[in-house]
Amino acid sequence: MNKVNIFKKYLPWAWLIAGYIYDIAFILIYGRQMLDSDMSAEMVLSNLLNQEHSIVTHNWIYSTEIRVAETQWFFRIGLLLSPDNWIVARAIGTAIMLALYILVWLFLSKMLEWGRTGVWICAMLVWPFGFWYFMDITWGAYYVPHSILMILSLALLISIAKKYVKEPKIFTVGNIIKILVIAAFSCICGLNGIRNTLIFYMPLMLFAVIVLYMQFREHGLKSLWQDISVKLVFARLAIGAVFCNLVGYVGNHVLFENKYRYSSYNNMTWGGGSGGWTTTFKWYIDSFGLKDQASKELFTLSGIGAGCGLLLGILLVISVIRLCMNYKKMNELNQLYTGLFLSMLFSIGAVFTYIYGDEQYWLTTIQFGVAAIFLEIMTEPVLKNLERALAPCIVLILAVVSAIGTTTANISSPLRSNPDFENVIAFLEEEGYTQGCASFWRGPVITELTNGDIEMWNMTDEFNDVLLWLQHNSHRELPQGEFFCIYNIESESESVDIFTETYGLEGELVYQDDYYLVYEYNN
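Residues numbered from 1 in each chain as written. Predicted model: local features only at pLDDT ≥ 70, side-chain atom pairs only at ≥ 80, totals over all residues. Heavy atoms only, no water.

(A) Structural context of unusual backbone geometry. Positive phi is not limited to glycine here, since histidine 53 has a value of about 55°. Take histidine 53: it is sitting in the loop between α2 (37-52) and β1 (60-61). (Helix = DSSP H or I, 4+ residues; strand = E, 2+ residues; numbered from the N terminus.)

Here it is in structure tokens:
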């Protein structure tokens, strides 16, 4: 193997490893200053589940979903390995999740017979090239378990379909194991709530119905179960997976809804979405790095990164158009992936337009868009060999610049984090406090930054009631004995009097800086 071939073989792996190290290093270096309470609540829940040795618990007030299979599976491992440093524990859990995320995408790429293209896809997926991708994949990791379950299920469905076409025996040991895994994952996704049902199983069902209908139109009714092709077998199996997912979703209602404390999306109504397809798909395109919660001046690194994100979004649009134009020229596996991706865009887009949606909820579909860009490069007939070789490098350079711009902007202006929190945290630890009250966007963060030493009660923003959201179920009343309340001077200084009037407790000011007030109470 000459030097050029060695370079081409290992270059995407180098990008992949560099991105993986970048993600974990970011957590270790900037994790403390970037935390928000949604993230920290996952750690607090993970610690509680470790204490109880359980998968779900009655002793937690969940948010919009019951956490059956989410980040706590991995953060629990981190806490077992690093109980005295929760940021390190977070980094360990995230490292495991991202490794599995890459492995399942490599497995899917192998099933689709994409070769080295799969490594290029994974190399881009580890870089935080867009704001919500950064917040909820590489940094917060909230959507990584969702993605792992989706991608692995898809890869196993394709694996069974390919094997059945070569050897028409469905009930082999290998196939039975794969079918049971798919059924289990589909059911678990349903138990989690409606999220995965809408973003994966509904598009899967739509694609399966279209494949079966086209087969019926061309070859008649009997061909639906007699004829054999990868797409046809995949469609039959997909319907079974969707059924298992719906069983899990019913189980979510029967087993969990009346026994555990959490909200749900079951009250969604028509007319609650973006109101227009243009807005909905602009959300999707912007998610590749253009739009951010942090400001990005044009002639700065973060501004240049936003421009690279815009170029990635434009590349995605071009790729989708070209994949549609070249659909009939593709092999069956590429047609399967393209068809499923288009089904996702249509069905998820319809939900976000007419029922309920927001830009960040496109997140799990972004990874499929990344794969679509590289699939277009791989299959585009007009590209010359040199263009086909250089195009993945150009795409990845855009992604890396966008990623660096995104992280740079958010280090300067982090979303929902607490400025200059270390001084007040140090004071609370030095004074030996073990329990306190704070509004939601500070409470769980204090627990994580003190490595679980301070138990926090989440209060409403006005401090006139306990907030029944992402905290221990026993926190429905104020803590007993000595405790503190921390108030943000800019937004919560009036809450000191409201808290006293509501609960009849007079506090003593024990700490003050430019941002925070700390009052001590005895209940």
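(B) Region of interest: the pattern of salt bridges. Per the stated rule, a full pass over the model turns up eight salt bridges. Linking aspartate 36 and arginine 416 is a salt bridge whose minimum nitrogen-to-oxygen distance equals 3.5 Å. Of the two residues, aspartate 36 sits in the loop between α1 (3-34) and α2 while arginine 416 sits in the loop between α16 (385-412) and α17 (422-431), which places them 380 residues apart along the sequence. Residue class for aspartate 36 comes out buried when judged on its relative accessible area of 1%. (Salt bridge = Lys/Arg side-chain N within 4 Å of Asp/Glu carboxyl O. Buried < 20%, exposed > 50% of the residue type's maximum accessible area, 1.4 Å probe, protein only.)

(C) Looking closely at a nonpolar patch on the surface. Taken together, Ile210, Tyr213, Met214, Phe216, Leu221 and Trp225 make up a surface patch of nonpolar side chains, about 640 Å² in accessible area. Tallying contributions element by element places helix α9 (residues 195-219) first for the nonpolar patch, with four residues. For isoleucine 210, the position within the fold is in helix α9. (Patch = residues over 30% accessible without salt bridge, like charges linked within 9 Å, V, L, I, M, F, W, Y side chains within 5 Å. Areas by Shrake-Rupley, 256 points an atom, 1.4 Å probe, with all protein chains shown as cover.)

(D) Structural context of the packing of helix α13 (residues 301-325) against helix α15 (residues 363-379). For the pair α13 and α15, the least separation of the axes is 9 Å and the interaxial angle reads 60°. Considering the angle they form, α13 stands oblique to α15. Crossing geometry of α13 relative to α15 is assigned as left-handed. Residues Leu312, Leu315, Leu316, Ser319, Arg322 and Leu323 of α13 pack against Gly369, Ala372, Ile373, Leu375, Glu376 and Thr379 of α15. (Axes fitted to C-alpha atoms, helices over the stretch in contact; angles between N-to-C directions. Parallel < 35°, antiparallel > 145°, perpendicular 65-115°, else oblique. Left-handed = near helix turned anticlockwise from the far one by under 90°. Contact = heavy atoms within 4.5 Å.)

(E) Representation of the packing of aromatic side chains. All told, the structure shown has 36 aromatic pairs when counted by the stated rule. Pairing phenylalanine 26 with phenylalanine 134 gives two aromatic rings, centres 5.4 Å apart and planes at 80°, and the pair type is edge-to-face. Separated by 108 residues along the polypeptide, phenylalanine 26 in helix α1 and phenylalanine 134 in helix α6 (residues 131-139) bring together distant segments of the chain. Take phenylalanine 26 and phenylalanine 134: they sit in the same class, and that class is buried. A centroid spacing of 5.7 Å and a plane angle of 15° characterise the contact between tryptophan 277 and phenylalanine 281, whose relative ring orientation is stacked. Of this pair, tryptophan 277 and phenylalanine 281 are both found in helix α12 (residues 277-286), four residues apart, which corresponds to roughly one turn of the helix. (Phe/Tyr/Trp six-rings, centres within 6.5 Å; stacked < 30°, edge-to-face > 60°.)

(F) Layout of the sheet that holds strand β7 (residues 516-522). Sheet architecture is open: five strands sit in the order β3-β2-β5-β7-β6, paired in mixed fashion. Strand pairing shows two members of the sheet lacking a second neighbour, β3 (455-459) and β6 (508-512), which therefore form its edges. On average, each strand axis in the sheet is tilted by 25° relative to the strand beside it, whichever way the strands run. One ladder, built from four bridges, connects β6 with β7; its direction is antiparallel. Of the residues in β7, the one forming a bridge with tyrosine 511 is valine 518. (Pairing = 2+ DSSP bridges.)

(G) Just the state of the cysteines, in detail. Scanning the entire structure with this criterion turns up zero disulfides. There is no disulfide at cysteine 189, and the cysteine sulfur nearest it, in cysteine 187, is 9.4 Å away. This cysteine, cysteine 244, is not joined by any disulfide, and cysteine 187 carries the nearest cysteine sulfur, 7.0 Å off. (Disulfide = S-S within 2.5 Å.)

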